[in-house]
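Inside the fold
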Amino acid sequence: MLAAVLTILAGCRTSPQQKEAKFMKRGLDWLAKKDYQRAILEFRNAASQAPKDPAPYYQVGIASLAVGDVQGALAALAKANELNPQDAKPQIKLAEILTGSGRRDLIESAKNRLQILLKSSPDDPEILNSLADSELLLGNAEDAGRNFELALTESPGDLQ
């Protein structure tokens, strides 16, 4: 009985940040094993412990994309972006989703978002690659080629 009480009390002393870290670790482990539903659950638990931290929302977005839940991914990535607008990763993923929509207006929006990001990170191969994709879909083959070449120069192993 005393051991159970001590265990409960020890659990109460765990800070929200420690709980978030545990949930994030388990989520990343599930993500690595491609068990996306469990990963999403762990990342959502992490977000409940630290609702102002964009990292769990970003990971929910990544895992949601992996299971084909585009709406869930959009919501999670938008939340991550809202919490930290300076982080390019959620913005790049949002732009990739928009580019994949097939709608010209959304592809233009993605291109504009990526061009803004490129101003602050002109050598980022992920931004360049995503921008090239949007340019290609908009029929701007020359601009797409130039961005693919820049991405290849910056990070030859990362070109998609």
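Note: the structure precedes this text.
The text that follows walks through the structure, step by step, so that each part is easy to find.

Two elements in contact, helix H6 (residues 88-99) and helix H8 (residues 125-137), have axes whose closest approach is 10 Å; the angle formed by their N-to-C orientations is 20°. One element, H6, and the other, H8, form an angle in the roughly parallel class. Considering how the two elements wind past one another, H6 and H8 form a crossing that is left-handed. The residues of H8 that touch H6, namely those facing Ile92, Lys93, Glu96 and Thr99, are Glu126, Ile127, Ser130, Asp133, Ser134 and Leu137. Residues of the contact of H6 with H8, tallied by class, amount to three nonpolar, three polar and four charged.

With that out of the way, let us pick up the pattern of salt bridges. Inspection of every chain in the model, using the stated rule, returns eight salt bridges. Note that Asp35 and Arg38 form a salt bridge whose closest N and O atoms lie 2.9 Å from each other. Here Arg146 makes a salt bridge to Asp143, at a shortest N to O gap of 2.2 Å. A residue pair is termed a helical-turn pair when its members lie 3 or 4 positions apart in one helix, as Arg146 and Asp143 do in helix H9 (residues 141-154) at three residues. The class for Arg146 is partly exposed, based on a relative accessible area of 42%. Connected via shared salt-bridge partners are Glu142, Asp143 and Arg146.

Moving on: the environment of Asp53. As for its placement among the helices and strands, Asp53 is situated in the loop between helix H3 (36-49) and helix H4 (54-66). Of the residues examined, Asp53 reaches a relative accessible area of 25% and is grouped as partly exposed. Here the alpha-carbon distance between Asp53 and Lys79, two residues 26 residues apart in the chain, equals 9.8 Å. Filtering out sequence-adjacent residues up to four positions away, Asp53 remains in contact with Glu20 and Leu83. Polar contacts involving the side chain of Asp53 include one to the main-chain amide nitrogen of Ala55, which spans 3.0 Å.

Let's shift gears to the packing of aromatic side chains. By the definition in use, this model includes zero aromatic pairs. Sitting over the face of the ring of Trp30, Arg38 holds its NZ or CZ atom 4.9 Å from the ring centroid. When the ring centre of Tyr58 is taken as origin, the NZ or CZ atom of Lys89, which lies over that ring, is 5.0 Å away.

Rules used in this analysis
Sequence order as written defines the numbering, with residues in each chain counted from 1. For this predicted model, a pLDDT threshold of at least 70 governs which residues receive local features, and a threshold of 80 or more governs which side-chain atom pairs are given and counted, while totals over whole chains, interfaces and linings are taken from all residues. Processing note: side-chain calculations cover all non-hydrogen atoms of the structure and skip hydrogens and water entirely. Axis definition: a line fitted to C-alpha atoms, limited for helices to the stretch in contact. Angles are taken between N-to-C directions and run from 0 to 180 degrees. Going along the chain from the N terminus, every DSSP run of H or I of four or more residues is numbered as a helix, and every run of E of two or more is numbered as a strand. By the definition adopted for this analysis, an angle is roughly parallel if under 35 degrees, roughly antiparallel if over 145, roughly perpendicular if from 65 to 115, and oblique otherwise. When the near helix sits turned anticlockwise from the far one by under a right angle, the crossing is termed left-handed; a clockwise turn instead gives a right-handed crossing. Residue contacts follow a heavy-atom distance rule, with two residues in contact if any of their heavy atoms lie within 4.5 Å. Classes in brief: Ala, Val, Leu, Ile, Met, Phe, Trp, Tyr, Cys and Pro nonpolar; Asp, Glu, Lys and Arg charged; the others, Gly included, polar. The term salt bridge refers to a side-chain nitrogen of Lys or Arg lying within 4 Å of a carboxyl oxygen of Asp or Glu. Three exposure classes are used, based on accessible area relative to the maximum for each residue type with a 1.4 Å probe and protein chains only: buried under 20%, partly exposed in between, and exposed over 50%. For the purposes of these results, a polar contact is taken to be a pair of N or O atoms within 3.5 Å, where, inside protein, one atom must be able to donate a hydrogen and its partner to accept one; residues adjacent in sequence count only when each atom of the pair is a side-chain atom. Between the rings of Phe, Tyr and Trp (Trp by its six-membered ring), a pair exists once the centres lie within 6.5 Å; its type follows the angle of the planes, with under 30 degrees stacked, over 60 edge-to-face, and the other angles tilted. Working rule: Lys NZ or Arg CZ, within 6 Å of ring centre, within 35 degrees of ring normal, means a charge sits over the ring.

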